[in-house]
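Given next are the chains, with one letter for each unit.
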Amino acid sequence: MRTRSYMVGLAFMSPALVVLIGFFFLPVVLTAVFAFTNMSTSTGISGGSYVVTGNLLTALKENGVPVEIADALSKASFVVDPEGIAKARDAGTDPAFLAEIEQQLGGRTFTDERLFERELKTLQHRPRSIRDLKLAVDQFELSILNSRFTSESAARQAIATFLPSAPADTVDQIVEASYTGWTWTTANFKQLFSTSDTWRIVLNTVFYVAVTLSFTVFVGLFLAVTTFYLPAGAASAFSMLWLLPRITPIVLYAVMWKWFTWEGGFLYTAADALGLPAFNYMKGSVPTAWTIVIMVNGFIGAAFAMILFSSALKAIPVQQLWASEVDGASRWQQIRYIILPHLRWPILFVTSYQTLSLLSSYQEIWLTTNGGPGRTTTVWALESFNTALNSYTGNLQYGLGAAMALILVIVGVSLSIIYLRLFRFDELLGRPKIEF
Amino acid sequence: MQIVLKDFTKTFDGNTVIDRMNLTVEDGEMLALLGPSGCGKSTTLFAVCGIHRVNGGQILFGDRDVSNLPSQQRNVGVVFQNYALYPHMSVFENIAFPLTVRKDSKADVDRAVRDIAELTHISELLERRPGQLSGGQQQRVALARALVRKPDVLLLDEPLANLDAKLRLEMRSEIRRIQLETGITAILVTHDQVEAMSMCERIAIMKGGKIIQIDTPKDMYSNPRTSFVAGFLGNPPISFLKGRAEAGGFVLDDGSLRLPLPVASQIPDGTDLTVGIRPEHFGRAGDVPISGKVIFAETQGRENLYDVALPDGSVLRSVQPAQDDVRAGDSVSWKLESAAALVFAEDGRRL
């Protein structure tokens, strides 16, 4: 019997579990994985190859690789071998010419391009144009510089053929540095903790969440309580109006705020007409930018809070309100002593829910101030999004972005646990009403 | 303090539920508003305490016209059916609430709360929360909260409806004791005639927004003004026989039963009549023998109840000391006290 009831419970929970795993655990695990890599647009997310570039050699010289080794790697050699012949044939070089090359120069190696070229020019079937000759020469070039090795051993072998005498640790250093794919690293976190920019964004985020949350709760409470005392018709009309921020598509909502606050917009025109300072309020100054960011997000939250508070208000037994009036409580005392205590749980719920959702929300800021002016209204989630998925320079740093997102997840989960403990949400859970 | 309702009228969304009601509750009296649900008794009570505004007429507390005062300024104490205790406050805070909202000093509040807690026997519960109290204890807290600021009027809205039978008995006498000790004018709203009869000096029976009769419980029982009042009071209830007047008496429609009735002598023969017979007036003693068949028998320990079907199908109820000689299905021939029969006209008026 007990196993059966557990199975039934599990069956009921399975859709939730699937969603939880698919839309929470999996992304979090992937984020955690990405956070410890240096993935970016340039490394790609699949494996990479080994390429020694000129820039890399310059960097290696600065990092202690002997100059002569680095210079040796930058040199090219020309080898006449079957591979080179095949490559040249694919490139469209005259087969007769190729046959002659193989016969006359087969197996020889040239360290100088001009020497090889001179040798080719002596051949009978050499092409008329210099361009075709150069094309043929290029096919035999064997260089570590800019050539792509798919595996580490191939790269190691190639370096060994060029530099048979190079010390092993230098070769290791070169091979490692030449890898173009992603690698495991903790550098993302080191970078985050060492940059002063990070703390600026943390402060922005704390300010944003705290102020927007207070706005949400106070405006939500105000709306819920005032509509509670209104006649039913007017109350539902007002509730509908105040729900608009919540139900309007977010892009449309952001665009309306732009119309409202930008140059030539409503506020601008009104302020201009009244002789007040008129500028792009959304991006023109830090205080107005913050005000708008907080209002844009706050009204969405307030609409949500209003619904919750209103339904909680309707759940107050009307006799308690009557009793308080009969007991002599004024309207304010009734709100203070009867209504607010009844709203304790919804207020706590809105507080915790909104903290978490504000921490992770960036789209409203992205669509309005986009973190500006400068980076004054940039919050953690927006920065993480920009780093990982929306870089202006084009190099998307998935690894660093994921590291920022992971920190956000850790902060969010810790806050949830603290809220659950602090507000004793477990007390709200009742025993099942139907027993199996 | 005397309460007077003068032509009190109440409408909800254009529907007049109470039309020009007049009622006087004397100083220190406890009056019951008794009636079936929807009769307007709670509406009347809520109008007296100011939760409902009056649409016409006046409500006077003594000489003070409170018709248009909000409930905060009426100085009334109300006990609601579900007690309406504030669940987030302790018992002490609940009782103190009417005093704290008018900003009495802490010492005064403390003394007043402890005094009233003593009166209502809940001194040891002051630190608890309403959720930790039994129904009867919650009832006492609600009563204490209603009384703590010494209101002019105490209003009780079905105060015993949510209690179990034993507690109901106990709280009935408790409320009455407290009302008598404080000497407060009280109105009790109830649909339970036993409550109304046992607790109140006078009962006002209401039906369809009108007061049908105001009387002491005893007079109301023995001298009902209409068949509705007769039917509402009494447990087990009165039984009615339908018939007509004939030669100074009452006969059933099929002529099978004949009752000599003094009042019937002035009534023309053939007038339709209803006769009400209380169960205690039909049994082994009486002057008119009646035969019928017991269709239902129930024992209540001290007494037995019987339903007896007469040949024409009417049913008479009888209550008798417990005995086990009669069972359902038996034919019996019992007697009826014709002097105690109540005679009503077709429209329900008592003749």
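It should be emphasised that the depicted structure is a prediction, and the values quoted were computed from it without experimental measurement.

Here is what the cut-offs are and how they apply
- Residues numbered from 1 in each chain as written.
- Chains lettered and ligands numbered in written order.
- Predicted model: local features only at pLDDT ≥ 70, side-chain atom pairs only at ≥ 80, totals over all residues.
- Core = buried A, V, L, I, M, F, W, Y, C linked by C-beta atoms within 7 Å.
- Buried ≥ 20, exposed ≤ 12 C-beta atoms within 10 Å, placed from the backbone.
- Helix = DSSP H or I, 4+ residues; strand = E, 2+ residues; numbered from the N terminus.
- Contact = placed C-beta atoms within 7 Å.
- Nonpolar A, V, L, I, M, F, W, Y, C, P; charged D, E, K, R; others polar.
- Domains from an automatic or database assignment.
- Pairing = 2+ DSSP bridges.
- Axes fitted to C-alpha atoms, helices over the stretch in contact; angles between N-to-C directions.

A. Looking closely at the nonpolar core. With 153 residues, the main nonpolar core has A32, L155, I187, L188 and A204 of chain B as its most contacted residues. Looking at this core, the element that brings in the most residues is helix α16 (residues 286-314) of chain A, giving twelve residues. Once residues lying within four places of it in the same chain are set aside, the contact partners of A32 of chain B are L188, T190, A196, M199, C200, I203 and A204 of chain B. The next biggest cluster of nonpolar side chains, apart from the first, holds 13 residues, and it includes L57, L60, V65 and I144 of chain A.

B. Expanded view of the interface of chain A and chain B. The interface of chain A with chain B comprises 14 residues on the first partner and 15 residues on the second. Among the secondary structure elements, those contributing two or more residues to the side of chain A that touches chain B are α17 (318-326) and α18 (331-342) of chain A. Residues of the side of chain A that touches chain B, tallied by class, amount to seven nonpolar, five polar and two charged.

C. Structural context of the domain arrangement of chain B. Looking at the assigned domains, one finds that chain B contains domain 1 (3-232) and domain 2 (239-345). Each of domain 1 of chain B and domain 2 of chain B has a C-alpha centre, and these two points are 39 Å apart.

D. Structural context of the sheet that holds strand β7 (residues 153-157) of chain B. Residue and element names in this part refer to chain B. In spatial order, the strands read β6-β7-β8-β3-β9-β10; together these six strands make up an open sheet with mixed pairing. Two strands in the sheet have a free side with no partner beyond their single neighbour: β6 (76-79) and β10 (210-215). The mean angle between the axes of side-by-side strands here comes to 20°, regardless of whether they run parallel or antiparallel. Two elements, β7 and strand β8 (residues 185-190), share five bridges in a ladder whose sense is parallel. Its bridge partner lying in β8, L154 is registered against A186. Running at roughly 150° to β7, helix α1 (residues 41-49) makes contact with β3 (30-34), β6, β7, β8 and β9 (202-207) of the sheet.

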